[in-house]
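Listed here are the chains, written in short residue letters.
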Amino acid sequence: MSIKAVICHVAVCDVCGTTYGSDHDDERAVHCTTREAAVDLVHADPEWLVTTDGRVICLLSDPHHQAALDALMPPAPAAACDGQLPIALDLGPTD
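Residues numbered from 1 in each chain as written. Predicted model: local features only at pLDDT ≥ 70, side-chain atom pairs only at ≥ 80, totals over all residues. Heavy atoms only, no water.

S.K.: Mind showing me how you'd approach the packing of aromatic side chains here?
M.R.: Pairs of aromatic rings are described using the distance from one ring centre to the other and the angle between the two planes. Following the criterion strictly, the structure yields 1 aromatic pair and no others. When the ring of Tyr20 is compared with that of Trp48, the centres are 5.2 Å apart and the planes differ by 75°; the resulting orientation is edge-to-face. One end of the pair, Tyr20, is in the segment before helix 1 (35-43); the other, Trp48, is in strand 1 (residues 48-50), and 28 residues separate them in sequence. The pair formed by Tyr20 and Trp48 is uniform in burial state, with each residue classed as buried. (Phe/Tyr/Trp six-rings, centres within 6.5 Å; stacked < 30°, edge-to-face > 60°. Helix = DSSP H or I, 4+ residues; strand = E, 2+ residues; numbered from the N terminus. Buried < 20%, exposed > 50% of the residue type's maximum accessible area, 1.4 Å probe, protein only.)

Shown next, in the form of structure tokens:
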């Protein structure tokens, strides 16, 4: 029997370092033969995100993951248009 080197690809969360498929102690990391196959596998899982720039993020609910997701969002749009009058929202008593 011969021994040969085999290259495999695994997806790892850029925020916490969790390897795809190893979320629990009884699971093993999923190995793919190509980078594209690993991206396709993770992309199909709703619990993981592959960004347009190639980052991989598992969707755990914690401040670090939320900060990474918030950083992907565009800046908030400006709230006023040129020439728009401000609206007074004071709905107190009108005696």
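S.K.: Is there a simple way to think about the side chain of His65 in this case?
M.R.: Locating His65 in the fold gives a position in helix 2 (residues 63-72). Residues within four places of His65 in sequence aside, it is in contact with Cys13, Val15, Cys16, Ile57, Cys58 and Leu60. (Contact = heavy atoms within 4.5 Å.)

S.K.: Explain the environment of Thr19 to me, please; I cannot follow it from the model alone.
M.R.: By secondary structure assignment, the location of Thr19 is in the segment before helix 1. Separated by 39 residues in sequence, Thr19 and Cys58 have C-alpha atoms that sit 9.1 Å apart. With near-sequence residues (within four places) excluded, Thr19 lies in contact with Val10, Ala11, Val12, Ala29 and Trp48.

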